Amino acid sequence: MRPGRVVAAAVCGVGLAGFACASPDTAIDRTEGTGELRGLAVERPFEAPEFALADSRGRRFDFRRETAGSLTLLFFGYTNCPDICPVQMAVLGAALDDLPYADRRQIEVVFVTTDPARDTPDRLRSWLDRFDASFVGLHGELETVNEIQAAFRLPPARIEGASPPPNAGEPYLVGHATPVVAVTGDGVARALYPSGVRQTDWRHDLPLLLRLNRSVSKPGGETGPSGG
């Protein structure tokens with residue numbers, strides 16, 4: 001194994017609110033030099049799955065169609081998450097605020113809930129608005145969401161310490177994958193950003209990801225967040 005190369009299993013970890021883990025056979029590169037991504041670059045980029053879920057306003061959101069041409073930052077989490085989810089969204093939102101307007105419009109942020117029982121459309125929209133009103137919130141049956149995560153080589157979400165699931169109103173935590181997945185406008189997953197990524201890391205990487213996105217996206221592809 002050459003320096004700087006790790007397998008995804010080496011970055012897996014279980015925390016209070018979830019875990020981060022890609023498939024064991026997905027090698028990733030972590031580089032922090034000038035001009036290199038500080039995120040975890042997928043060594044063998046793979047095509048993102050085609051899927052459609054309802055957004056927080058009740059509209060059908062076809063992921064591949066709606067994000068064509070855009071740099072998309074995709075995250076699976078839930079609004080009752082006590083730590084990882086709000087931190088990931090807050091840090092990302094702050095970094096996006098630093099971008100020039102033209103660059104910001106080329107980026108789509110999509111949040112898929114792993115807790116559809118509690119994350120109603122209204123709650124999802126209200127929670128995302130705390131970070132950026134343009135962030136798209138999606139929800140669907142947990143089984144469907146877990147199938148989507150598997151296609152992104154992420155582990156399934158699960159209710160922690162509850163079998164069967166807790167009764168309505170009973171508090172619980174949801175274990176879920178913690179990386180933000182960067183998908184370029186050609187529908188290819190390129191990099192992962194696990195929990196702990198700093199605002200300075202996003203500031204460093206976003207221009208590089210945008211440059212990559214422009215080089216691989218088809219001319220005329222739709223760009224810019226739609227806000228769901």
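Preceding this section is the structure that the text describes.
Residues numbered from 1 in each chain as written. Predicted model: local features only at pLDDT ≥ 70, side-chain atom pairs only at ≥ 80, totals over all residues. Heavy atoms only, no water.

S.K.: Is there a simple way to think about helix α2 (residues 84–97) in this case?
M.R.: Spacing of three or four residues puts side chains on the same side of an α-helix, whose turn is 3.6 residues. End to end, α2 covers 20 Å across 14 residues, agreeing with the expected 20 Å (1.5 Å per residue, within 8%). All of the buried residues along α2 are I84, C85, Q88, M89, V91, L92, G93, A95 and L96. (Helix = DSSP H or I, 4+ residues; strand = E, 2+ residues; numbered from the N terminus. Expected span 1.5 Å × (residues − 1). Buried < 20%, exposed > 50% of the residue type's maximum accessible area, 1.4 Å probe, protein only.)

S.K.: Just checking my understanding: could you explain the pattern of salt bridges for this structure?
M.R.: Two side chains bearing opposite charge may form a pair once their charged atoms approach each other closely. The full count for this structure, using the stated rule, is 13 salt bridges. Among the ionic pairs, D201 bridges to R38, the shortest N-O distance being 3.5 Å. You can see D201 sitting in helix α6 (residues 199–216) and its partner R38 sitting in the loop between β4 (27–30) and β5 (40–47), a full 163 residues away along the chain. In this structure, R118 and D115 form a salt bridge, with 2.6 Å as the shortest nitrogen-oxygen distance. Exposure remark for R118: the relative accessible area of 22% places this residue in the partly exposed category. In this structure D115 comes out as buried when scored by relative accessible area, which is 3%. Ionic contacts of the salt-bridge type, sharing partners, join the residues R38, R198 and D201 into one network. (Salt bridge = Lys/Arg side-chain N within 4 Å of Asp/Glu carboxyl O.)

S.K.: Could you clarify how one ought to interpret the environment of C81 in this entry?
M.R.: Take C81: it is sitting in the loop between β8 (71–77) and α2. As for C81 and L173, which are separated by 92 residues in sequence, their C-alpha atoms are 7.0 Å apart.

S.K.: Explain the packing of aromatic side chains here, please?
M.R.: The way to describe two aromatic rings as a pair is by their centre distance and the angle between their planes. Applying the stated criterion across every chain, the model contains eight aromatic pairs. Look at F51 and F152: their rings are 6.5 Å apart centre to centre, the planes differ by 80°, and that puts the pair in the edge-to-face class. A residue pair is termed long-range when its members are at least 10 positions apart, and F51 in the loop between β5 and β6 (52–55) and F152 in the loop between α5 (142–151) and β11 (158–159) qualify at 101 residues. Judged by relative accessible area, which is 2%, F152 ranks as buried. Here F111 and W127 contribute two aromatic rings whose centre-to-centre distance is 5.1 Å and whose plane-to-plane angle is 50°, an arrangement assigned as tilted. Taken as a pair, F111 in strand β9 (residues 107–113) and W127 in helix α4 (residues 121–129) lie far apart in primary sequence, 16 residues in all. Here F111 matches W127 in class, with each residue buried. The ring of Y172 carries the charged tip of R118 above its face, separated from the ring centre by 3.6 Å. (Phe/Tyr/Trp six-rings, centres within 6.5 Å; stacked < 30°, edge-to-face > 60°. Lys NZ or Arg CZ within 6 Å of the ring centre and 35° of its normal.)

As far as function goes, none of this settles anything; it's purely spatial.
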